[in-house]
Amino acid sequence: MKNILLLVLISVIGFSACSKEKESTETNNSQSTMQAHASSYKHEITVKEVLQVKDYTYLRAQENDSEIWIAIPRADIKVGSVLLFNSSMTMNNFESKDLKRTFETILFVEDVQEKLGAGMMTSPQKPKINKEDVVVEPAADGITISELYSKTSKYEGKKIKIRGKVVKFNPAIMKTNWVHIQDGTSYDNNFDLTITTNDMVNVGDVFTFEGKVVLDKDFGYGYSYKVLLENAKLTGVKTTSL
């Protein structure tokens with residue numbers, strides 16, 4: 001009996017030691033992977049100043065011996081944070097209406113990550129659009145967001161009319177205005193449509209847009225869209241949503 005108990009005890013100790021060794025190995029491997037991933041980024045900057053507006057976070061940062069300004073989708077970034085990124089879109093003489101100032105040169109970045117200790121990083125900062133509780137009547141001779149996403153091949157390259165509530169508006173990016181609309185419908189969790197236009201709108205407005213449907217549009221710098229309504233124009237008058 002004593003021999004059996006001794007064998008059981010030895011087995012338990014051995015298993016525990018193996019488990020700890022495996023856990024330590026996995027932790028070290030994980031840290032090594034994250035460190036290698038961090039070193040693959042082209043840019044590493046240290047934040048010196050943070051300016052928050054409605055949709056963006058503007059950061060004055062140090063990269064090597066240079067001082068730069070970057071803009072990212074609004075995020076909780078602190079002075080002293082170290083950020084990593086690859087792609088950026090350079091804008092010269094960019095005017096921020098929210099800040100009432102013009103930047104001689106600024107980089108718009110989407111794939112930014114925050115570097116923590118030992119090469120560890122947070123998740124990427126991505127623009128997030130929440131689904132709003134809205135009901136919008138379709139435009140006459142128009143379609144809904146759910147119809148568009150459920151039949152993308154049917155509408156590719158064609159002009160459509162679509163009415164929705166403006167949930168996000170970013171003016172004067174890449175020489176156009178960017179609008180996100182929702183109408184309360186969705187297909188396969190696609191409830192938001194991105195529109196480019198030269199017209200001005202406000203968040204909360206409900207408008208009918210007419211433009212050409214473009215699929216898999218990639219502008220580079222992280223700006224890629226499964227469906228885009230391009231060069232759209234406002235038609236009709238502003239209405240209200242329920």
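**Description of the overall build of the protein chain**
Along its length, the protein chain carries three helices and 12 strands. Here the protein chain holds 242 residues, and 40% of them are scored as buried. Considering only contacts in the protein chain between residues 6 or more positions apart, those separated by 24 or more positions represent 57%.

**Some words on the packing of aromatic side chains**
For the coordinates displayed, the defined rule picks out seven aromatic pairs. Geometrically, the ring pair formed by Phe 94 and Phe 108 is edge-to-face, given 5.0 Å between the ring centres and 80° between the ring planes. Taken together, the residues span a long stretch of sequence, with Phe 94 in strand 5 (residues 89-96) and Phe 108 in strand 6 (residues 101-108) at a distance of 14 residues. Among the residues examined, Phe 94 registers a relative accessible area of 6% and is labelled buried. For the pair Phe 207 and Phe 209, a centre-to-centre distance of 6.4 Å together with 75° between the ring planes defines the contact as edge-to-face. Taken together, the ring pairs connect Tyr 56, Tyr 58, Trp 69, Phe 94, Phe 103 and Phe 108 into an aromatic cluster.

**Focus on the sheet that holds strand 7 (residues 113-115)**
If you trace the seven strands from one edge of the open sheet to the other, you get 5-6-3-2-1-4-7, paired in mixed fashion. Both edges of this open sheet fall to strand 5 and strand 7, since each of them pairs with a single strand only. Taken pair by pair, the neighbouring strands of this sheet meet at an average axis angle of 45°, ignoring direction. Direction of pairing for strand 1 (residues 43-52) relative to strand 2 (residues 56-63): antiparallel, over a ladder of six bridges. Of the residues in strand 2, the one forming a bridge with Gln 52 is Thr 57.

Definitions and cut-offs
Residues numbered from 1 in each chain as written. Predicted model: local features only at pLDDT ≥ 70, side-chain atom pairs only at ≥ 80, totals over all residues. Heavy atoms only, no water. Helix = DSSP H or I, 4+ residues; strand = E, 2+ residues; numbered from the N terminus. Buried < 20%, exposed > 50% of the residue type's maximum accessible area, 1.4 Å probe, protein only. Contact = heavy atoms within 4.5 Å. Phe/Tyr/Trp six-rings, centres within 6.5 Å; stacked < 30°, edge-to-face > 60°. Pairing = 2+ DSSP bridges. Axes fitted to C-alpha atoms, helices over the stretch in contact; angles between N-to-C directions.

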